[in-house]
Amino acid sequence: MMTRETKPSLLITEWLMSWLSNQPALRKAQNVSIWTQPPFDLAGIPPHMYMEAGFPGNTRREKDITLQMVPSVAEVYTLWHRGRWLQASRIVDTNTVYTGHAEQILSLRMMTWNRKMLRSLIQEAREAHDIASDNVINVYVFETGRHMYSMPWRRLATRPKRPIQSIILDHGIQKLILEDAKDFLQSKAWYTERGIPFRRGYLLHGVPGSGKTSLIHSIAGELDLNVYLISLSRAGMDDTMLTESIAGLPEQCIALMEDIDVAFHHGVTRDSDSSDSSSSLNSSSPDSQSQTPGAHKDTGNKQTKTIESRVSLSGLLNALDGIGAQEGRILFATTNRYSALDPALCRPGRMDLHVEFHNASRGQAEELFRRFFRPTSGKETSTADSDQVNGDDLDLGASSSEEECETMTDFQPKYYLAKESGMDVSKEPPPAYVGVTHRQRAPHLSPEQLDELAARFAVSIPERKFSMAALQGYLMTYKVRPVQAVENIACWVAKELSNKKQDVIS
Ligand SMILES: Nc1ncnc2c1ncn2[C@@H]1O[C@H](COP(=O)(O)OP(=O)(O)OP(=O)(O)O)[C@@H](O)[C@H]1O
């Protein structure tokens, strides 16, 4: 008989737990535990730490299964695997000296003389786990205050991969960045031979809601890398914590620093309204975004708020390319204030590729519309959805009215803001809710109909005035009414532009 015990610090444990949870014996068992996240405390341990010597394959990333039936503690489960008797149990190790917390051990017993049996079981578990987790990326945050023997990165979320084609950018941008990153990942030897640090930085800058963050997550999915969030403006962040977080990155990963300008301008950041990127026409014109770093011009009429951040520029530079900086990592940084960045931060070697994101062009708006109302593939499409509409049927519902044209920003926030600040508000309170309730059914448009509507939609969109997020927000309110979306767009545009003008005047 062979006994195998795995500790939670091994990714193998997760594979095995995942595998076990799919075994009929566990499914039928009366007593099981349900996990909605990886078993044990794997979430805090970066994947590269789990590498087990001699195990076939590359274990650089870890993925999770959302719901698992795993063995209850102290319960013993018996099952048959490929004609072999197998016993599984989970034990709690109360010795907390090294880890600071009780660990759990998965114990597997197998009736065999052949050690390869265990190895092939682990391999099978790993393959099943990989298949189950192929469509997600993990997002990690740096966690202070974890026990000294725990890993400092904690998994924050698991996200489905986003197809890169769903990010609509000016021609070739996605390809440029993706190909560059792929090429980089395959060039370790090139860097080593030349004594150049093996890391690469991308700086994505431009107006809010133009797809910077979405593109990064999408690229992470394409490259099969996890994302490690480094927030320079988070409470308590200082040079030491920054250095520690960067030093603790795994070898191949995407490190993401959003709003990198925030740290060095004593809290100058976007106002909270504009952080809701889908809500409004954003203020920065394309021109204002095309300044060179270091020019220190302001990019718009954004309000400012103070954030306590004690990261210094030299601290950031040191963290990025000091000896602690992790080799093989890809850094993505984003900013809406390119001009506010110090040239030292932007130089090649730290930020190798700078890419500007603009407000939507007509072409982008057209493609957004097309993608938005394209019939859903897969099981979400019900038979009712697939009813074709043609000719007059396309004129669904009422045509545009002033009410249809109202935007969310016309409603609650302004009313409550005025009320909170003691101003005399209208006697008529706003409705209990605004927005459009979620419905799934949209008419099934033929490709020709879709193209025609998309073209009509795009004609009404002024070049580079609205963010893609704002247009997406608009379309969301017409989720199942493509024709009305087209009919009302001119009215919405006029209204938004006039709101914008008023904001500037006041
Ligand atoms: N180019 C685009 N193509 C498709 N969708 C987009 C695009 N730009 C923005 N969106 C949509 O708008 C929303 C916000 O986008 P995202 O957060 O990526 O913008 P951002 O440029 O990172 O904004 P910020 O600077 O405010 O962080 C997302 O839901 C995204 O799907």
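Computed from a predicted model, the values in this text were never measured in an experiment.

Definitions and limits used
Per chain, residues are indexed from 1 in the order of the written sequence. With the structure being a predicted model, the display of local features is reserved for residues of pLDDT at least 70 and the display and counting of side-chain atom pairs for 80 or more, all residues being used for whole-chain, interface and lining totals. Just so you know, side-chain values use all the structure's heavy atoms and leave hydrogens and water out. For helices the rule is a DSSP run of H or I covering at least 4 residues; for strands it is a run of E covering at least 2, with both sets numbered from the N terminus onward. Multiplying 1.5 Å by the residue count of a helix minus one yields the expected span of that helix. Pairs of residues are marked as contacts when any of their non-hydrogen atoms sit within 4.5 Å. The pairing criterion is simple: DSSP has to find at least two bridges between the two strands. Axis definition: a line fit to C-alpha positions, over the contact stretch in the case of helices; interaxial angles, taken between N-to-C directions, run 0 to 180 degrees. Buried residues are those whose accessible area, probed at 1.4 Å on protein chains only, stays under 20% of the maximum for their type, while exposed residues exceed 50% and partly exposed ones sit between those limits. Salt bridge, as applied in this entry: a Lys or Arg side-chain nitrogen positioned within 4 Å of an Asp or Glu carboxyl oxygen. Known as pLDDT, the predictor's confidence for each residue is given on a scale from 0 to 100. The aromatic pairing rule takes the rings of Phe, Tyr and Trp, using the six-membered ring of Trp, and pairs them if the centres are within 6.5 Å, calling planes under 30 degrees apart stacked, those over 60 edge-to-face and the rest tilted.

**Q** How would you sum up helix 12 (residues 362–373)? Please name residues and give values.
**A** Look at helix 12: 17 Å from first C-alpha to last across 12 residues, which is about the 16 Å you get at 1.5 Å a residue. Buried residues belonging to helix 12 abut helix 15 (447–459), helix 16 (468–476) and helix 17 (482–505).

**Q** Requested: an account of the sheet that holds strand 9 (residues 200–206), with residues and values cited.
**A** The strand order across the open sheet formed by seven strands is 8-7-10-11-12-9-13, and the pairing between neighbours is mixed. Sheet topology places strand 8 (153–160) and strand 13 (353–357) at the edges, where each strand pairs with a single neighbour. For this sheet, the mean angle separating the axes of adjacent strands, direction not counted, is 25°. In this structure, strand 10 (residues 227–229) lies alongside strand 11 (residues 254–257), joined through three bridges in parallel fashion.

**Q** A description of unusual backbone geometry should follow, citing residues and the corresponding values.
**A** Most peptide bonds take the trans form, and the phi angle of most residues other than glycine is negative. For Arg82, which is not a glycine, the phi torsion comes out positive at approximately 50°. With respect to the element layout, Arg82 can be found in the loop between strand 4 (76–81) and strand 5 (84–93). Judged by relative accessible area, Arg82 falls into the exposed class, the value being 60%. A positive phi angle, close to 60°, is found at Asp224, a residue other than glycine. Within the secondary structure, Asp224 is located in the loop between helix 6 (212–223) and strand 10.

**Q** Give a description of the pattern of salt bridges that names residues and reports values.
**A** Counted by the stated rule, this structure contains 14 salt bridges. The closest approach of N and O atoms between Asp321 and Arg350, which form a salt bridge, is 2.6 Å. Of the two residues, Asp321 sits in helix 10 (residues 313–321) while Arg350 sits in the loop between helix 11 (343–346) and strand 13, which places them 29 residues apart along the sequence. Arg370 is the salt-bridge partner of Glu366, the closest N and O atoms lying 2.7 Å from each other. With Glu366 and Arg370 both in helix 12 and four residues apart, this pair spans about one turn of that helix. Given the relative accessible area of 23%, Glu366 is considered partly exposed. For Arg370, a relative accessible area of 18% gives the class buried. Among the ionic contacts, a cluster of salt bridges with common partners joins Glu366, Glu367, Arg370, Arg371 and Asp451.

**Q** Talk me through the confidence of the model for the protein; I want residue IDs and the actual numbers.
**A** Predicted coordinates in regions of low pLDDT should not be interpreted in detail. Mean pLDDT over the protein stands at 74; residues scoring 70 or higher make up 64%. The low-confidence segment residues 36–66 (pLDDT under 50) makes 112 contacts with residues lying over four places distant or belonging to another chain. Note on residues 395–402: pLDDT under 50 across the span, and 14 contacts to partners over four residues away in sequence or across chains. As scored by the predictor, the complex reaches a pTM of 0.70 and an ipTM of 0.99.

**Q** Could you give me a rundown of helix 16, with the residues and numbers involved?
**A** Structurally, the α-helix is built with 3.6 residues per turn, so residues lying three or four positions apart point the same way. Of all the residues in helix 16, the buried ones are Met468, Ala469, Ala470, Leu471, Tyr474 and Leu475. For helix 16, the secondary structure elements touched by its buried residues are helix 12, helix 15 and helix 17.

**Q** Could you give an account of the packing of aromatic side chains, naming the residues involved and the relevant values?
**A** Considering all chains together, one arrives at 15 aromatic pairs under this definition. With centroids separated by 5.5 Å and ring planes inclined at 85°, the aromatic side chains of Phe184 and Tyr191 adopt a geometry described as edge-to-face. Accessibility expressed as a relative area gives 2% for Phe184, which makes it buried. Plain terms: the ring middles of Phe372 and Phe373 are 4.9 Å apart, the flat faces sit at 70° to each other, and that makes the pair edge-to-face. Judged by its relative accessible area of 23%, Phe372 falls in the partly exposed class.

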